[in-house]
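Structural description and commentary
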Amino acid sequence: MRKTEGSPLPFGAAAKERKVNFSVQVPMGKTCELLLYREGNTKPEVCFDMPEEEGIGEVRFLSVEEIDPEKYEYNFLIDGKVCTDPYAKEIAGREVFGKRQNDDKHGVRAKIQVSDYDWGEDRPIRHPWNEVVSYSIHVRGFTKHSSSKVLHRGTYQGVIEKIPYLKELGVNQIQCMPIYEFDECAKTKINYWGYGPAHFMAVKPEYAAEPKNAGDSLKELVRALHREGMEVYMELLFTGNETTDFEMACLRRWVLDYHIDGFHLNQTTTQLREVLSDPVLAETKIMSENFDGSCDRNGTGRRRAVYHNGFQDGMRRFLRGDEGTAGEFMNQVLNRSTEQGNIQYITNNNGFTMMDLVSYDSRHNEDNGENNLDGSAWNFSWNCGAEGVSRKKDVIRLRRQQLKNAWILNIFQQGTPLIYAGDEFGNSQKGNNNAWCQDNDISWLNWNLKKKNGWLWEFAVKMIELRKTVKILHPEKPFARTDTSANGLPDVSFHGKVPWFVYESSWNRCIGCMYAGNGEAWYFAYNMNYTKEIFSLPGLPGKGIWKVFSDTAESNPEGEMIEDGQIVLEGHSIVLLRGEYLKK
C-alpha cells in the first residue's frame, strides 16, 4: 500500500475499490498520524504521517492506495494520543456488551465501512401522526430474557423474530433507545440505556448476533419492519459538545445508509433550526421537546411532533383521582396543534412501568447503589393499597382496573400514543424508576407475563384496534367542538354525571367525553372517585341507544344496552359506550 494525496471531505474513511481516503479535524500545532491495523489486531501494521503543511485549515487528510479496506481498521495518533475517529461508521473491539476493555490504547478501532447491501424496493414509511401507534424498545432488553424464546436474544435479529408479535399488538412505529455505539463500561456502573458520549455515527455491534456484521443486521431489521408497514425511529441524543456540521452528518447518515424514518432529538443539544431546514431531511420526522417551526422546509409541519412530560403528569394525577385534575384532563383531550404532532405517554423508560405505576407509591432504586436517592421522587403513582407485590384480592382487583384505565387514558386522546414495551402484559421493574444501570432481569422484558396477564394483553390489543379502526377517535384534524358532520352532535363534547354540564369544582372526578361524526358516536365515562357514581348519558338523535363496549371494572356486561339512559360506574373505572343509532 502507498500514501497519495487525499481530499479534506468527507470526514472519516471513504473507501472506493482499493483506495481509501482518510480525513480528520486536528487543532493547529499538533501532530497527527494514521494508524492502520490488520482486522482484529491491536498492534498497528502501518503508520502514515499527516503533517500540518499537507492539510487545509484544521483538516488533515490523505489517501491510501492498494489496500483491501475490509481487512484493515484504523485510528489516528494525535499529539501522541490514540484517538478513534469521531466519524467512524463502525467500531471494532467492542463485541460483547458489558465487557470492560483492558488498558490497551489500541483496543478500540474504527472499521472502514464497505457495504453493498441491497435494499431492494425498500422506501421510507410515512404514516401521518394521527395514524401512528408508537412502541418504545431497548433493543437488548426487548428479547434478552430467556422467556423471549427467540434464537438471537438481545439483538437486532431478536427484534425481527418478534415482528409477528408487534403486528398482533397493532403498533406501526418502533422507537429505539440508543442503537449507536456507546461505551457502556465508561463509568463504574453499566450504562445500560446508552445516553452520554458516544460514536454517534456507528452502529452498536454488541446488539448484533454477529458483531462484525452489525451494519447489515440493523439494515435487515429496518427493512423487515418496513415490509410490515412499521416506521423505525431512533433516539439520537447528542451531548452538546458536537459541532452542528457533525450532528447534521450523523442525521443524514442514518437516513441515507439505514433508511431511518425519524429521530427523537434533544432541543438543548441539537440545532433544530438546521435540522428542519436541511433538504436531505425534509421528509424525515423529528420529535423533540419544543420547536420553532418557522424554519421548517416542510411547510405543512406534519413531520414534527412535540415530546414532553405534560401529558404524563396530568394523566397520572387524573388516574389516581387527585383533586383539581378534571380540567387538565379535558385540556389534554383537546391538546393538539394544526402545525405539528403531539407524542403522548403515561410511561416511558425514565420512570415507572405501567404495572409499577399502580403497584408502588415510592421509588425502589436500591439496586442502583445510590441509597435510593436517584430517580424522580415525584411519580404521581398509587399502589392501590399495598406497596409492591400483593396477594390481597381487593388490591389485585383495583390494580387490574387501574391498568385498564391507564391504557384508555394513553390511547384515546388526540395525540400520538407511545407505548413503553412490556406495558401491554404488565412488565415490572420491581419499583425501580431509574433503571439506567440495570442490565439484568430488572430491565429485561419478562415474556412469561404475557401468559400470566393475558387479560391485559387482550385488552391492550382491543383498545389499539378500536383507536385504529374508529376514525373519530383519531381525527386527521383537531377537534372543532362543533357539529362538523351534520349529524346533530359536536365532534367532541364534555359532560359530568349529567349531560352537557361539567362541575368546575376541584373535587370533581367524574367526566364524560362524547365523540360523534361520520355516522357513529362514542361515549367515554370516567369515574375517578373512590365510590360508585351514576352517570346520565346524553341523548342520541332519533331512537338511538347506547351499548356498553367495555367496562374496566367488568360490572357492566359488554353489549348491554342502556335503555333508561343511566349507567352505574364502580369507583376508579371507565366505561366505553357505542351509539347504536348511527351505525350504518
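Below, the structure is looked at part by part. Once a new chain begins, its residue numbering starts again from 1 and follows that chain's sequence as written. Only residues with pLDDT of at least 70 get local features here, since the model is predicted, and only at 80 or more are side-chain atom pairs given and counted; chain-wide, interface and lining totals rely on the full set of residues. By convention in this description, side-chain values take in all heavy atoms of the structure and omit both hydrogens and water.

For the rest of this paragraph, the subject is the layout of surface pockets. Put simply, the grid is 1 Å and covers the protein atoms alone, a cavity is a trapped set of points that fit a 1.4 Å probe, a pocket is an open set with protein on both sides within 12 Å along at least five of seven lines, and lining residues have an atom within 4 Å of a point. Grid points are joined across faces, edges and corners, and a volume is the space filled by probe spheres set on the points. In this structure, the largest pocket encloses a volume near 890 Å³. Counting from the N terminus, the helices are DSSP H or I runs at least four residues long and the strands are E runs at least two residues long. Broken down by element, the residue count for the lining of the largest pocket peaks at seven residues, all from helix 5 (residues 244-258).

This next bit is on the sheet that holds strand 1 (residues 2-4). Any two strands are treated as partners once DSSP identifies two or more bridges connecting them. Spatially, four strands are ordered 1-6-3-2 in an open sheet, and the strand pairing comes out antiparallel. Of all the strands in the sheet, just strand 1 and strand 2 (12-16) have a single pairing partner and so form its edges. On average, adjacent strands in this sheet sit at an angle of 25 degrees to one another, irrespective of strand direction. Sheet analysis places strand 1 next to strand 6 (residues 59-65), joined by three bridges and oriented antiparallel. Following the sheet pairing, Thr 4 is matched in strand 6 by Ser 63. Note on geometry: axes are C-alpha line fits, over the in-contact stretch for helices, and angles between N-to-C directions span 0 to 180 degrees.

The subject of this paragraph is the pairing of strand 5 (residues 46-49). Side-chain alternation along strand 5 places Val 46 and Phe 48 on a buried face and Cys 47 and Asp 49 on a face that remains uncovered. Across four bridges, strand 4 (residues 32-38) lies against strand 5 in antiparallel orientation. For Glu 33, the partnering residue across the bridge sits in strand 5 and is Asp 49. Relative accessible area decides the class of each residue, using a 1.4 Å probe on protein chains only: under 20% of the type maximum gives buried, over 50% gives exposed, and in between gives partly exposed.

Looking now at the environment of Glu 289. With respect to the helices and strands, Glu 289 occurs in the loop between strand 17 (285-288) and strand 18 (304-307). What makes Glu 289 partly exposed here is its relative accessible area of 29%. A C-alpha to C-alpha distance of 30 Å links Glu 289 and Glu 504, two positions 215 residues apart in sequence. In the analysis that follows, any N or O atom pair within 3.5 Å is treated as a polar contact, provided that within protein one partner can donate a hydrogen and the other can accept it, and provided that, for residues neighboring in sequence, both atoms belong to side chains. A polar contact is formed between the side chain of Glu 289 and the side chain of Ser 288, at a distance of 3.1 Å.

The geometry of an aromatic ring pair is captured by two quantities: the separation of the ring centres and the angle between the planes. Two aromatic rings from Phe, Tyr or Trp, using only the six-membered ring of Trp, form a pair when their centres are within 6.5 Å; if the ring planes differ by under 30 degrees the pair is stacked, by over 60 it is edge-to-face, and anything between is tilted. Taken as a whole and assessed by the stated rule, the structure comprises 32 aromatic pairs. Judged by centre distance (6.2 Å) and plane angle (70 degrees), the rings of Trp 129 and Tyr 233 are edge-to-face. Residue Trp 129 is located in the loop between strand 10 (109-111) and strand 11 (134-137), and its partner Tyr 233 is located in strand 15 (residues 231-235); the two are separated by 104 residues in the primary sequence. This pair shows no difference in class: Trp 129 is buried, exactly as Tyr 233 is. With a centroid separation of 4.4 Å and an interplanar angle of 10 degrees, the aromatic rings of Phe 318 and Phe 329 are classed as stacked. Of this pair, Phe 318 sits in helix 7 (residues 310-320) while Phe 329 sits in helix 8 (residues 326-334), and the two are eleven residues apart along the sequence. Take Phe 318: its relative accessible area is 1%, and that puts it in the buried class. Taken together through their ring pairs, the aromatic side chains of Phe 318, Phe 329, Phe 412, Phe 479, Tyr 515, Phe 524 and Tyr 526 make up a single cluster. A ring has a charge above it when a Lys NZ or an Arg CZ is no more than 6 Å from the ring centre and no more than 35 degrees off the ring normal. Above the ring of Tyr 207, the side-chain terminus of Lys 204 is found at 5.9 Å from the ring centroid. Arg 304 extends its terminal NZ or CZ atom over the ring of Phe 291, reaching a point 6.0 Å from the ring centre.

Turning next to the packing of helix 10 (residues 393-411) against helix 12 (residues 454-469). For the pair helix 10 and helix 12, the least separation of the axes is 10 Å and the interaxial angle reads 20 degrees. One element, helix 10, and the other, helix 12, form an angle in the roughly parallel class. Our pair here, helix 10 against helix 12, has a crossing hand that is right-handed. Of helix 12, the residues touching helix 10 (which contributes Arg 400, Leu 403, Lys 404, Trp 407, Ile 408 and Ile 411) are Trp 455, Leu 456, Phe 459, Ala 460, Met 463, Ile 464 and Arg 467. Oblique is the label for every angle not falling under 35 degrees (roughly parallel), over 145 degrees (roughly antiparallel), or within 65 to 115 degrees (roughly perpendicular). Crossing handedness is defined as follows: a turn of the near helix away from the far one that is anticlockwise and smaller than a right angle gives a left-handed crossing, while the clockwise case is right-handed. What makes two residues a contact is simply this: any of their non-hydrogen atoms within 4.5 Å.

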